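# Observations on the model geometry
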Amino acid sequence: MSKKRMAMGEEGPDCSRIIAGFWRLRHWGISRNQLTDFVHECIDMGVTTFDHADIYGDYTCEQLFGDAVAGNNGLRGKMQLVTKCGIRLQNSETRPGISHQHYNTDYDYIIASAERSLKLLGTDRIDVLLIHRPDALMNADETARAFQQLKKDGKVLHFGVSNFTPSQVSLLQSRLPFQLVTNQIECSVLRIDPLHDGTLDQSQQMRMNPMAWSPLGGGSLFTGDGEKEKRLRNELAAIGDETGGYGIDQVALAWLLCHPSGIFPVVGSGKLARIQDAVASLGIALSREQWYRIWSASTGTPVP
Amino acid sequence: MSKKRMAMGEEGPDCSRIIAGFWRLRHWGISRNQLTDFVHECIDMGVTTFDHADIYGDYTCEQLFGDAVAGNNGLRGKMQLVTKCGIRLQNSETRPGISHQHYNTDYDYIIASAERSLKLLGTDRIDVLLIHRPDALMNADETARAFQQLKKDGKVLHFGVSNFTPSQVSLLQSRLPFQLVTNQIECSVLRIDPLHDGTLDQSQQMRMNPMAWSPLGGGSLFTGDGEKEKRLRNELAAIGDETGGYGIDQVALAWLLCHPSGIFPVVGSGKLARIQDAVASLGIALSREQWYRIWSASTGTPVP
Amino acid sequence: MSKKRMAMGEEGPDCSRIIAGFWRLRHWGISRNQLTDFVHECIDMGVTTFDHADIYGDYTCEQLFGDAVAGNNGLRGKMQLVTKCGIRLQNSETRPGISHQHYNTDYDYIIASAERSLKLLGTDRIDVLLIHRPDALMNADETARAFQQLKKDGKVLHFGVSNFTPSQVSLLQSRLPFQLVTNQIECSVLRIDPLHDGTLDQSQQMRMNPMAWSPLGGGSLFTGDGEKEKRLRNELAAIGDETGGYGIDQVALAWLLCHPSGIFPVVGSGKLARIQDAVASLGIALSREQWYRIWSASTGTPVP
């Protein structure tokens, strides 16, 4: 059993444990009104935290979301907005001119990107702004200065990173007078590396809360032919039965929710039923033995 | 030349440098009286620190030891007892009910395991209690709370870990008001990874003292057909001759004893001659050149 | 565009960004007078920092350099001398007696080695002394004590390391009351590991400045048949054209000079034209997109 809401980081915003992600929003094929309804229904079921990035949908998804919530005056106070910056897409149709994909974490770039996100999302504040990818050219003093300016101006309330290694987190944190609240990483029963490579150890030590992208491991958990996928499907299905009739997707989420670092899974579906299923996974109480059965199904061997 | 006794950790107990391990005690095939004699003779030769774990011998070895030393009133004050908790064995005959091996580092579990060890070992205090394996579900606050309670109650005097990575050590240490005194790791001339993967760097930095399990690398050092084993046997034998007629097992132990992190090898033999040989290895003074000849025999190449 | 001079470390000496290295001095085939001229001309073009090691040229290069600058009284004040200690060469012709290569970072050894370097270089102070290779037997307390003594005596002004991992740097730094100013590592467009394995993250965090040895990756950048070398040559040449007609060696240096950790490349050529080319690379301003094109040419794939 996991709590439905939790602070992200020691100083961070109160967020819903299940976060709705808009990575593929452009491809959901829904109208503006349907998206408005989707957002309302998410909030009604307790999913109030929404994950964006400037680049999603070739730089279009923030605006689609902003348009859908525009004019709903009370809505902004009911939700927490996460977005990201730092990737410069190559071959973008909406923002052409970049022929080779790269990153930018310079002061001016971060400030400008955050201000653009504010405008497109139709809000006066971003709850959490993340650096999307580790930039080998990150000058941590400069990145930290941009964060501090955005915070001072009230444009961004909290900050985090995504896909950072522990040494990259340490570097950036060392320049900040406040705590990074999250490291959004790829983590699932199919990708357990963050549990033993130091990433989640650091998150727990710093009392950051990881966000997990691709928390179901992409489609391969359901359709993959590999031995690992088969082992996981069998074990997740068995434990779904043992715990009261849950689906393998729900047990896979519960496996993340159990972790003591306090992971927030980002569920990227436009189907309300999928969001509802994710919320229901908060009700699953896995025993340690069940949790390690899933771990062993992932690694292919019992723990020593 | 290595000292025969040394504090384990800055704040830890004064221990014998050679530690007798009871991993295989159940299979030594000796009577209670013979075990009593073995313990006395170890102490007589200066080996006063004894390494246990709740699970050794399918949860039987602590009691075998406890029975052997029961009633010897002065004996407890002459020895230091190390034991471990956290592994839940699958298919145990003595504690059935676990079908899939896993770990537990929760508050209640640690307290209960330590109290059971106290009872089985027939003592009122454990000198050093270790978490046996890194538990991916370790809630460091909770584990640290258990340690503090056990220390406050005088049931356990010092704490450590076993098989932990540096980030796992850092996490747990960050929650404790006292120093972890050891990380018991697999380390030998056949497994030198801890010397370059950061494990022993951290131990030295934190002034913890590593304990080395399988400090002779298991039987393969003596019988293995691999090139690495052959190179090591040749080099260890040559250096044994150069230093005054020591055996390859003794030179392999001296190689560990020389390391500046201050390693305590755990020798798991029930044969007094083997323990005596290990103690004699404290008398070997390896030159830096000899030490690196062994390193190179292990890696297969001279250092750059 | 990179500055021509910069402090090495927060507390370190003001150095030329391009450092002349004397690794192969013995094989340059130049006379003492020619070397004197070479040093003067380096200084005239702003290359005032010179990188040595006790072992270069089988322990002969420090003296060759010292002889060449002897008697030029004003010269010492115009240059910064870096040298290294800790490697004990096997099969040396000038210092025989070592049959197996190894390291030594003991107090007495470091003191003696630094004093010998002072004598051979013909100076009363070393600006920066480095431990040449990580010594698995490094007792950090002892190494730090040697550093403190040498500093107190004015014989060495600043200290660093070379080829150290982050955990090795942390260990040694933890024992010092002053900052290590550099970690001299192998780093180039052909070896970018330090940019993502934590090495340069640590340097930036600690405000150490890396020195890069083999900053052009050895000859293979120019002549290698591998796909990686070919990709890099093509991309470096293209960017050389875009930025105003620079050579691939110059763009490769500019790629290092751009990094926010503040890398000092060590150029090991005895040809003044090569040094001049390196200095000219300080004038190249790479865009982020150009920098990442080189990164991708090295890894073989665009960044995600």
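Predicted model only: the values in this text are computed from it and were never measured. Here the residue numbering is sequential within each chain, running from 1 through the sequence in written order. Whichever chain is written first is A, and whichever ligand is written first is 1; the rest continue in order. Side-chain atom pairs in this predicted model are given and counted only at pLDDT of 80 or more, local residue features only at pLDDT of at least 70, and totals for whole chains, interfaces and linings cover all residues. Just so you know, side-chain values use all the structure's heavy atoms and leave hydrogens and water out.

### Digging into the overall build of chain A
Rules: Every helix listed is a DSSP run of H or I at least four residues long, and every strand listed is a run of E at least two residues long, numbered separately from the N terminus. For the radius of gyration, the atom set is restricted to C-alpha positions; the globular benchmark scales as 2.2 Å times the number of residues to the power 0.38. A 1.4 Å probe rolled over the protein chains alone gives each residue an accessible area, and that area as a share of the maximum for its type sets the label: buried under 20%, exposed over 50%, partly exposed in between. Working rule for contacts: check all heavy atoms of both residues, and any pair within 4.5 Å makes them a contact. Method for areas: the Shrake-Rupley scheme with a 1.4 Å probe, in which residue coverage is limited to the protein chains shown.
Counting secondary structure elements, chain A contains 13 helices and 12 strands. Relative to the 2.2 N^0.38 estimate, which gives 19 Å for 304 residues, the radius of gyration of chain A is 19 Å and therefore close to what a compact globule would have. C-alpha atoms of chain A, sized along the principal axes, occupy 50 × 45 × 40 Å. Buried residues in chain A amount to 60% of all 304 residues. Long-range contacts, defined as pairs at least 24 residues apart, comprise 76% of the intrachain contacts of chain A with a sequence gap of at least 6. With an accessible surface of roughly 11300 Å², chain A has 47% of that area assigned to carbon and sulfur atoms.

### Quick notes on the pairing of strand S9 (residues 156-162) of chain A
Residue and element names in this part refer to chain A. Defined as follows: In this scheme, strands are said to pair when DSSP sees at least two bridges between them. A crossover gets the label right-handed when its path from the first strand over the helix to the second runs clockwise, viewed with the strands pointing away from the viewer.
For S9, a buried count of 6 out of 7 residues is recorded, marking the element as mostly surrounded by other parts of the structure. Taken together, the 5 bridges between strand S8 (residues 126-131) and S9 define a ladder with parallel strand orientation. Across the sheet, Leu-130 pairs through a bridge with Gly-160, a residue of S9. Following the backbone out of S8, through helix H5 (residues 140-152) and into the adjacent parallel S9, one traces a crossover that is right-handed. The sheet contact formed by S9 and strand S10 (residues 183-186) spans 2 bridges and is parallel. Within S10, the position partnered with Val-161 by the bridge is Asn-183.

### Comments concerning the pattern of salt bridges
All names here are of chain B. For clarity, the cut-off: What counts as a salt bridge is simple: a side-chain nitrogen of Lys or Arg found within 4 Å of a carboxyl oxygen of Asp or Glu.
With the rule as written, the count across this model stands at 45 salt bridges over all chains. Between Glu-186 and Arg-191 there is a salt bridge; the shortest N-O distance is 3.8 Å. Glu-186 gets classed as partly exposed once you look at its relative accessible area, which sits at 30%. A relative accessible area of 29% means that Arg-191 is categorised as partly exposed.

### Brief notes about the relation of the copies chain B and chain A
Counted only if it meets this: Least squares is used to superpose the copies, and the fit set is the C-alpha atoms of residues whose pLDDT is at least 70 in both copies.
Expressed as a screw transformation, the operator carrying chain B onto chain A has a rotation angle of 120° and an axial translation of 0.0 Å, and the superposed copies differ by an RMSD of 0.0 Å. Here the symmetry operator amounts to a three-fold rotation axis. Relative to the rotation axis, the closest C-alpha in chain B is found at Ser-167 of chain B, a distance of 6.5 Å.

### Structural notes on the UniProt feature "domain: NADP-dependent oxidoreductase" (unreviewed entry) in chain A
As a reminder, the rule being used: UniProt positions are given in the numbering used here, feature names are shortened, and annotations may be inferred rather than shown by experiment.
The sites that UniProt annotates as "domain: NADP-dependent oxidoreductase" (unreviewed entry) are residues 17-296 of chain A. Annotated as residues 17-296 of chain A, this span is 44% helix and 14% strand, and its ends, taken at the C-alpha atoms, are 26 Å apart.

### Some points on the side chain of Gln-204 of chain B
Structurally, Gln-204 of chain B is set in helix H8 (residues 199-206). If we skip the residues at most four places from it in the chain, Gln-204 of chain B touches Pro-260 and Ser-261 of chain B together with Met-138, Asn-139, Ala-140, Leu-171 and Arg-175 of chain C.

### Some thoughts on the interface of chain A and chain C
What counts, and what does not: Accessible area, probed at 1.4 Å, shrinks when two parts are joined; the buried area is that loss added up over both. In protein, a polar contact requires one atom able to donate a hydrogen and another able to accept it; more generally it is a pair of N or O atoms within 3.5 Å, and residues adjacent in sequence count only if both atoms are side-chain atoms. As a working rule, the residues Ala, Val, Leu, Ile, Met, Phe, Trp, Tyr, Cys and Pro are called nonpolar, Asp, Glu, Lys and Arg charged, and the rest polar, with Gly in that last group.
The interface of chain A with chain C comprises 26 residues on the first partner and 18 residues on the second. Per-residue buried area on chain A facing chain C is highest for His-100, Ala-136 and Leu-137 of chain A; these three make up 32% of the total on that side. Remark: the boundary between chain A and chain C carries 3 salt bridges. The residue Asp-141 of chain A makes a salt bridge to Arg-207 of chain C at a minimum N-O spacing of 2.8 Å. Here chain A is connected to chain C by 20 residue pairs in polar contact (both at pLDDT 80 or more). Taken together, the elements giving at least two residues each to the side of chain A that touches chain C come down to strand S7 (102-103), H5 and helix H6 (166-173) of chain A. Here the element with the most residues in the side of chain A that touches chain C is H6 of chain A; it accounts for 4 residues. The residue inventory of the side of chain A that touches chain C, partitioned by class, reads 8 nonpolar, 13 polar and 5 charged.

### Regarding the interface of chain B and chain A
Where interface size is quoted, it is often the accessible area lost as the parts come together. Taken together, the contacts link 26 residues of chain B with 18 residues of chain A. For the pairing of chain B and chain A, the buried interface totals around 2000 Å² over both sides, and the portion due to carbon and sulfur atoms is 50%. In terms of surface lost to chain A, no three residues of chain B exceed His-100, Ala-136 and Leu-137 of chain B, which account for 33% of the buried area on that side. Among the salt bridges present, the one from Arg-288 of chain A reaches Asp-106 of chain B, with a minimum N-O distance of 3.0 Å. Applying the counting criterion to the chain B and chain A interface returns 20 residue pairs in polar contact (both at pLDDT 80 or more). For the side of chain B that touches chain A, the leading source of residues is helix H6 (residues 166-173) of chain B, giving 4 residues. When the residues that make up the side of chain B that touches chain A are grouped by side-chain class, the tally is 8 nonpolar, 13 polar and 5 charged.

### Things to note about the sheet that holds strand S3 (residues 19-21) of chain A
Residue and element names in this part refer to chain A. The criterion, for reference: With axes taken as lines fitted to C-alpha atoms, and helix axes fitted only over the stretch in contact, angles between N-to-C directions fall between 0 and 180 degrees.
Around the barrel, which closes on itself, the 8 strands sit in the order S3-S4-S5-S8-S9-S10-S11-S12 with parallel pairing between neighbours. Between one strand and the next, the sheet's axes are offset by a mean angle of 30°, whatever the strand orientation. On the sheet, helix H4 (residues 107-121) packs against strand S5 (80-85), S8 and S9 and is oriented at approximately 135° with respect to S8. Against the sheet, H5 touches S8 and S9, its axis set at about 150° to S9.

### Some details on the packing of helix H10 (residues 227-242) of chain B against helix H13 (residues 288-299) of chain B
Residue and element names in this part refer to chain B. Stated formally: Working definition: roughly parallel below 35 degrees, roughly antiparallel above 145 degrees, roughly perpendicular at 65 to 115 degrees, and oblique for all remaining angles. Note: crossing handedness is left-handed where the near helix turns anticlockwise from the far helix by less than a right angle, and right-handed where it turns clockwise.
At a minimum axis distance of 8 Å, the contact between H10 and H13 shows a crossing angle of 165°. Relative to H13, H10 is oriented roughly antiparallel. The two elements H10 and H13 meet at a crossing, and its hand is right-handed. Together, Lys-228, Arg-231, Leu-232, Glu-235, Leu-236, Ala-238, Ile-239 and Glu-242 of H10 and Gln-290, Arg-293, Ile-294, Ser-296, Ala-297, Ser-298 and Thr-299 of H13 make up the contact between the two elements. Looking at side-chain class alone, the contact of H10 with H13 contains 6 nonpolar, 4 polar and 5 charged residues.

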